[in-house]
Amino acid sequence: MTERRATIAALARGRDNNFNLVRAAAAALVIYTHAFGATGNGADEPLVRLCGKSLGSVAVDVFFVVSGFLIAKSWCRSRDLVEFALARALRIYPALWVCVAFCVLVVGAAFTTWSPAAYLGADETLRFVLRNLTVLPFGTLGELPGVFEHHPEPTINLPLWTLPFELKMYVLLAALGVLGLLARPWLVVGLVLVAGGAYLQQTWVGAPESSLLLHARFVFFFYAGSLAWLWRDRVRIDPAIAVACAAGVAVALAGPWPEARQPALALATPYLSLYAALAPSRALRAYNRVGDYSYGLYIYGFPVQQAFVAVSVGATGVAMSPAENLAYALPVAWLLAMASWHVVEERALGWRTRLWRVEARVRPEVS
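Residues numbered from 1 in each chain as written. Predicted model: local features only at pLDDT ≥ 70, side-chain atom pairs only at ≥ 80, totals over all residues. Heavy atoms only, no water.

What about the nonpolar core?
Part 1: F69, L173, Y223 and L278 are the most contacted members of the largest nonpolar core, which has 87 residues in total.
Part 2: Excluding residues that lie within four positions of it along the chain, Y223 makes contacts with M169, L172, L173, L176, V188, L191 and V192.
Part 3: Counting seven residues, the second largest nonpolar core, distinct from the first, contains C51, V58, L253 and L265. (Core = buried A, V, L, I, M, F, W, Y, C linked by side-chain atoms within 4.5 Å. Buried < 20%, exposed > 50% of the residue type's maximum accessible area, 1.4 Å probe, protein only. Contact = heavy atoms within 4.5 Å.)

Laid out in structure tokens, this is it:
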């Protein structure tokens, strides 16, 4: 077996991979798409014109594939449900809480049209804080009173809407694990097929994404990634398969059957995402030494983009272009993501490690 056609099990050992880079690229694509929406040009994004699906939406699908893979790996390596749940909470919540404070006390306070007392004392502000600090069971909110009300997209942090779906995937995976069903990957295959069939049928006919179909979409991508981990000894990372997937997407996008474009993208996304994350490439893997800035990019990008739209309109009376928004917002979001990783996220992961060390002194290691 050559390394270029190795199994996922052979390539997924340790941290010698491109997962951080793939997730950072996906977060940057979300910011790219929002540069169109935040400036009122959402329909002008090239991929939207071509197939009705934005690059940011594809990037979210990539996030769910990668997350499904890594969370299934985390479950299989966790000693119990408490360890798994705490690890997931420490990865999601501390950085989110800081971001919520940033949205309310920095961006929101700077741009609201309400007085400081009215803004901070408003029921809408309290609901924004409570909903976004907890995420489940009531979901997130994107609006703050008097903040960006007249923007093309009148929210302060649009991307937060995916977090409840992400957490629901964690809960479902943990339930499957507790019931012992992850040890029967064919049941996961059935889950992927049912969810994928519902989602692909919706994309084929162009039906609007209802709540049920959104769940089907995310179950499909997340558990396609989970299944790749569960079958890691069988699935190979092969450049020939990756080329075939990419060629299929290219043919669908260029062909005369517009209804086939989104399904082709959906079918190719899981394999191409994992190929990009696991395919051998020493130069790319050097990025792992930098840090995992993807989550920070994802949650800080849109508030920064909205702030630049507001500053542009206030200074010139003319909304900036998508290219200008991207050029200004991406570096600032990247700096905030770096701070989030090094000051909050990395330390939170360190808390988890210290907790396990303390526990190890009083409980023998589980093999």
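The discussion continues.
Some thoughts on unusual backbone geometry
Part 1: Look at the link from L136 to P137: it is a cis peptide, with omega at 10 degrees.
Part 2: Along the polypeptide, P137 turns up in the loop between α7 (123-134) and α8 (163-178).
Part 3: Of note, V135 is a non-glycine position whose phi angle comes to about 70 degrees, a positive value.
Part 4: With relative accessibility at 0%, the residue V135 sits in the buried group.
Part 5: For F148, which is not a glycine, the phi torsion comes out positive at approximately 60 degrees.
Part 6: Its location among the elements puts F148 in the loop between α7 and α8.
Part 7: Among the residues examined, F148 registers a relative accessible area of 4% and is labelled buried. (Helix = DSSP H or I, 4+ residues; strand = E, 2+ residues; numbered from the N terminus.)

Some points on the packing of helix α2 (residues 19-38) against helix α4 (residues 55-77)
Part 1: Packing of α2 against α4 leaves a shortest axis separation of 8 Å and a crossing angle of 155 degrees. The orientation of α2 relative to α4 falls into the category roughly antiparallel. As α2 packs across α4, the resulting crossing turns out to be left-handed. Residues F19, V22, R23, A26, A27, L29, V30, Y32 and T33 of α2 pack against L55, G56, A59, V60, V62, F63, V66, F69 and L70 of α4.
Part 2: Looking at the contact of α2 with α4, its residues break down into 15 nonpolar, two polar and one charged. (Axes fitted to C-alpha atoms, helices over the stretch in contact; angles between N-to-C directions. Parallel < 35°, antiparallel > 145°, perpendicular 65-115°, else oblique. Left-handed = near helix turned anticlockwise from the far one by under 90°. Nonpolar A, V, L, I, M, F, W, Y, C, P; charged D, E, K, R; others polar.)

Let's talk about the layout of surface pockets
Part 1: Taken as a whole, the largest pocket holds about 1,400 Å³ of empty space.
Part 2: Surrounding the largest pocket, 39 residues form its lining, R15, R23, L70, R88 and R91 being those nearest its centre.
Part 3: Every element with two or more residues in the lining of the largest pocket is listed here: α2, α4, α5 (81-111), α8, α14 (294-316) and α15 (322-362).
Part 4: Of all the elements, α4 adds the most residues to the lining of the largest pocket, at nine residues.
Part 5: Roughly 460 Å³ of volume is contained in the second largest pocket.
Part 6: Residue lining of the second largest pocket: 26 residues in total, with T33, H34, S54, G56 and S57 positioned closest to the centre.
Part 7: Taken together, the elements giving at least two residues each to the lining of the second largest pocket come down to α2, α4, α9 (185-205) and α14.
Part 8: With six residues, α2 is the largest single contributor of residues to the lining of the second largest pocket. (1 Å grid on protein atoms, 1.4 Å probe; cavity = no way out; pocket = protein on both sides within 12 Å on 5 of 7 lines; lining within 4 Å. Points joined across faces, edges and corners; volume = space filled by probe spheres on them.)

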